[in-house]
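Descriptive structure summary
For reference, the chains in residue letters:
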Amino acid sequence: MAEQQLVVLKALDVAKTQLYHFTAIVIAGMGFFTDAYDLFCVSLVTKLLGRLYYFNPASEKPGSLPPHVAAAVNGVALCGTLAGQLFFGWLGDKLGRKKVYGLTLIMMILCSLASGLSFGNQAKGVMTTLCFFRFWLGFGIGGDYPLSATIMSEYANKKTRGAFIAAVFAMQGIGILAGGFVALAVSSIFDKQFPSPTYKQDRFLSTPPQADYIWRIIVMFGAIPAALTFYWRMKMPETARYTALVAKNIKQATQDMSKVLQVELEMEERAEDVVKDPRLNYGLFSKEFLRRHGLPLLGCTSTWFLLDIAFYSQNLFQKDIFSAIGWIPKADTMNAIHEVFKIGRAQTLIALCSTVPGYWFTVAFIDIMGRFAIQLMGFFMMTVFMFAIAFPYDHWIKPDNRIGFVIMYSLTFFFANFGPNATTFIVPAEIFPARLRSTCHGISAATGKAGAIVGAFGFLYAAQSQDPKKTDAGYPPGIGVKNSLIMLGVINFVGMLFTFLVPEPKGKSLEELSGETEASPDEK
């Protein structure tokens, strides 16, 4: 079959950038804003939860979450996300992008609100409720990954498709930043209303009972932006590529896109033959899929897995690294509310200076440099900066060198986001066939989340001091922060090598990339 492309899809590929492109970015991006806010806001309040629910008046240090509870609170949403990515990725190909898209948002809104509620006021009840709802919150967030990426890639034109998908993902940076701002605002208000002494001055009064509302407000706030976009998500038409290539309804796809593009589109005579070619109906577990897409899928899954080990271990444990270098004062020199403020301030500064700019650099350059170059450069620079922090680690923790440490640490974040953190999200939405696109993106994203779980749980234990007297309460000795950072540097280097399996989608149509406009060479 000669290479053909449906008129409606060609029209989308060459369409000028219009208002509907930006509307789609806002609708899909607000989901990602909520995703990032909800996933990362918990790291702002874990120390507060420890003070509130695990307070020991005999201890010289404020209460802290026991290892198994800290691991559950930090990791349970990631486990939910992994399951949601696989399930909703598959469902998005079976039922259509639009039908499933509203469902994920409802889950995110309800579970965000429920995370801030708890059965009883005892540690066990509160932590169990929090973990239960954060798992299902993660499940909804997981669905947003493959669906948002797929919807944006299928709506975009081929010239600026990379920038549009990157812009959706860049809302993650804004979500992380919003988490910091909300924590700063809430803790400042409570500090003015309920001033309290430091832990050293008075162990009981250093955590006022009203501080219990702080973490609940911060956690529940994530529901607001998600709720604002629900109506617009429901109004979006199904993507033309799903309607035409998967549902096989060319007429409906042409009508939908005529309205969206505001142009008259004719339905070509042989359109039905193009989409009903039986040679293009191979399944995910077929030899044909393995031959065409096996190595690219391995490239997408492995790079996302390796990146997320490094990215999430760094992100979720920023506060521990900041404490280690003295950016956040010792816990007993602060009261509970001040501690939330100081952690929020440190995370907001990192987000403002490196995380957010990194995302938008990707938006600006991805359709100029290409995905491959940005991913390779990002992994390489992350490796360099990680080693530059790790090997002279003892030099960086001296008080005079702290600013240098923060700059180096910020640069690893900058090149994660102007690099593989963005590209691993973008490429799987471009290179697989429409009927498997959401599933394959879900598989890639879920493998990434498996890496995040390894990073989150592994780093928690690995970063503990080798000296048993210096470990956090309840933790066994680890390999220390220095050796953990060296390990992360090695992981980034391996990610750079696996990048060579990932194809370059820049400037090509989705059908050209996935081979949907041509049959297998063996069968021609």
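This one's a predicted model, so the numbers in the text were calculated from it and none came from an experiment.

1. Focus on the overall build of the chain
When you go through the chain residue by residue, the secondary structure sums to 22 helices and 0 strands. Overall, the chain is about 80 × 45 × 35 Å in size when its C-alpha atoms are taken along their principal axes. Within the chain, the proportion of its 524 residues that are buried is 60%. Intrachain contacts of the chain at a sequence separation of at least 6 include 83% that bridge at least 24 residues.

2. A look at the nonpolar core
Residues Tyr145, Ile214, Trp215, Ile218 and Phe425 are the most contacted members of the largest nonpolar core, which totals 146 residues. In terms of residue count, the dominant contributor to this core is helix H2 (residues 19–53) (19 residues). If we ignore the near neighbours within four places in the chain, the residues touching Phe425 are Phe32, Tyr145, Ala149, Ile165, Phe169, Trp304 and His441. Formed by 12 residues, the second largest nonpolar core is a distinct cluster that contains Tyr282, Leu297, Cys300 and Phe432.

3. Here we look at helix H7 (residues 212–220)
Among all positions in H7, only Asp212, Ile214, Trp215, Arg216, Ile218 and Val219 are buried. Those residues of H7 that are buried are in contact with H2, helix H4 (97–115), helix H5 (123–155), helix H6 (161–193) and helix H15 (336–369).

4. Side note on the packing of H15 against helix H18 (residues 402–417)
In contact at an axis separation of 7 Å, H15 and H18 are set at 25 degrees when each is read in the N-to-C sense. Comparing the axis directions of H15 and H18 gives the class roughly parallel. H18 is crossed by H15, and the crossing has right-handed handedness. Listed contacts from H18 to Ile350, Ser354, Thr355, Pro357, Gly358, Tyr359, Phe361 and Thr362 of H15 are Val406, Tyr409, Ser410, Phe413, Phe414 and Asn417.

5. A few points about the pattern of salt bridges
All chains considered together, the criterion is met by 13 salt bridges. Linking Arg241 and Glu511 is a salt bridge whose minimum nitrogen-to-oxygen distance equals 2.8 Å. Of this pair, Arg241 sits in helix H10 (residues 240–246) while Glu511 is found in helix H22 (residues 510–514), placing the two residues 270 residues apart along the sequence. Each member of the pair, Arg241 together with Glu511, is buried.

6. As for the side chain of Gln172
Along the polypeptide, Gln172 turns up in helix H6. If sequence neighbours within four positions are ignored, Gln172 has contacts with Phe32, Ala36, Tyr145, Tyr359 and Asn421.

7. Details of H15
With 34 residues, H15 ought to run about 50 Å at 1.5 Å a step, and its terminal C-alpha atoms sit 46 Å apart, in line with that. Remark: Gly370 follows H15 within two positions and exhibits a positive phi of approximately 95 degrees.

8. Side note on the environment of Thr439
Mapped onto the fold, Thr439 is located in helix H20 (residues 434–462). Through-space distance from the C-alpha of Thr439 to that of Ala429 is 9.7 Å; in sequence the pair is 10 residues apart. Excluding residues within four positions of it along the chain, Thr439 makes contact with Gly89, Trp90, Asp93 and Leu284. Among the polar contacts made by the side chain of Thr439, one reaches the side chain of Asp93 at a distance of 2.5 Å.

9. Focus on the environment of Phe405
For Phe405, the location among the structural elements is in helix H18. Sequence separation of Phe405 and Tyr393 is 12 residues, and the distance between their C-alpha atoms is 8.8 Å.

10. Let's talk about the confidence of the model for the chain
On average, residues of the chain score 85 in pLDDT, and 91% of them reach the 70 mark or higher. Residue range residues 519–524 is modelled with pLDDT below 50. Its contacts to residues more than four positions away, or to other chains, number 13 contacts.

11. A few points about a nonpolar patch on the surface
Residues Phe361, Phe365, Ile368 and Met369 make up a contiguous nonpolar surface patch of roughly 350 Å² in combined accessible area. Relative to the assigned elements, Ile368 resides in helix H15. You can call Ile368 exposed: its relative accessible area is 57%.

12. A word on the side chain of Asp38
Along the chain, Asp38 falls in helix H2. Beyond its immediate sequence surroundings of up to four residues, Asp38 is in contact with Ser112, Arg134, Leu137, Ile141, Val219 and Gly222.

13. Some thoughts on the packing of aromatic side chains
Under the counting rule described, the total for this entry stands at 33 aromatic pairs. Here Phe87 and Phe139 contribute two aromatic rings whose centre-to-centre distance is 5.8 Å and whose plane-to-plane angle is 25 degrees, an arrangement assigned as stacked. In this pair, Phe87 is assigned in helix H3 (residues 67–95) and Phe139 in helix H5, connecting sequence segments 52 residues apart. When the ring of Tyr231 is compared with that of Trp232, the centres are 5.0 Å apart and the planes differ by 80 degrees; the resulting orientation is edge-to-face.

14. A short note on the packing of H2 against H15
Close contact between H2 and H15 brings their axes to 9 Å; oriented N to C, the two are set at 165 degrees. When the interaxial angle is binned, H2 and H15 end up roughly antiparallel. Of the two possible hands of crossing, H2 and H15 adopt the one that is right-handed. Seen from H2, the contacting residues are Ser43, Leu44, Lys47, Leu48 and Arg51; seen from H15, they are Ala336, Glu339, Val340, Ile343, Gly344 and Gln347. Within the contact of H2 with H15, the residues separate by chemical class into 5 nonpolar, 3 polar and 3 charged.

What counts, and where the lines are drawn
Residues numbered from 1 in each chain as written. Predicted model: local features only at pLDDT ≥ 70, side-chain atom pairs only at ≥ 80, totals over all residues. Heavy atoms only, no water. Helix = DSSP H or I, 4+ residues; strand = E, 2+ residues; numbered from the N terminus. Buried < 20%, exposed > 50% of the residue type's maximum accessible area, 1.4 Å probe, protein only. Contact = heavy atoms within 4.5 Å. Core = buried A, V, L, I, M, F, W, Y, C linked by side-chain atoms within 4.5 Å. Axes fitted to C-alpha atoms, helices over the stretch in contact; angles between N-to-C directions. Parallel < 35°, antiparallel > 145°, perpendicular 65-115°, else oblique. Left-handed = near helix turned anticlockwise from the far one by under 90°. Salt bridge = Lys/Arg side-chain N within 4 Å of Asp/Glu carboxyl O. Expected span 1.5 Å × (residues − 1). Polar contact = N/O pair within 3.5 Å; in protein donor to acceptor, adjacent residues only side chain to side chain. pLDDT = per-residue confidence, 0-100. Patch = residues over 30% accessible without salt bridge, like charges linked within 9 Å, V, L, I, M, F, W, Y side chains within 5 Å. Areas by Shrake-Rupley, 256 points an atom, 1.4 Å probe, with all protein chains shown as cover. Phe/Tyr/Trp six-rings, centres within 6.5 Å; stacked < 30°, edge-to-face > 60°. Nonpolar A, V, L, I, M, F, W, Y, C, P; charged D, E, K, R; others polar.

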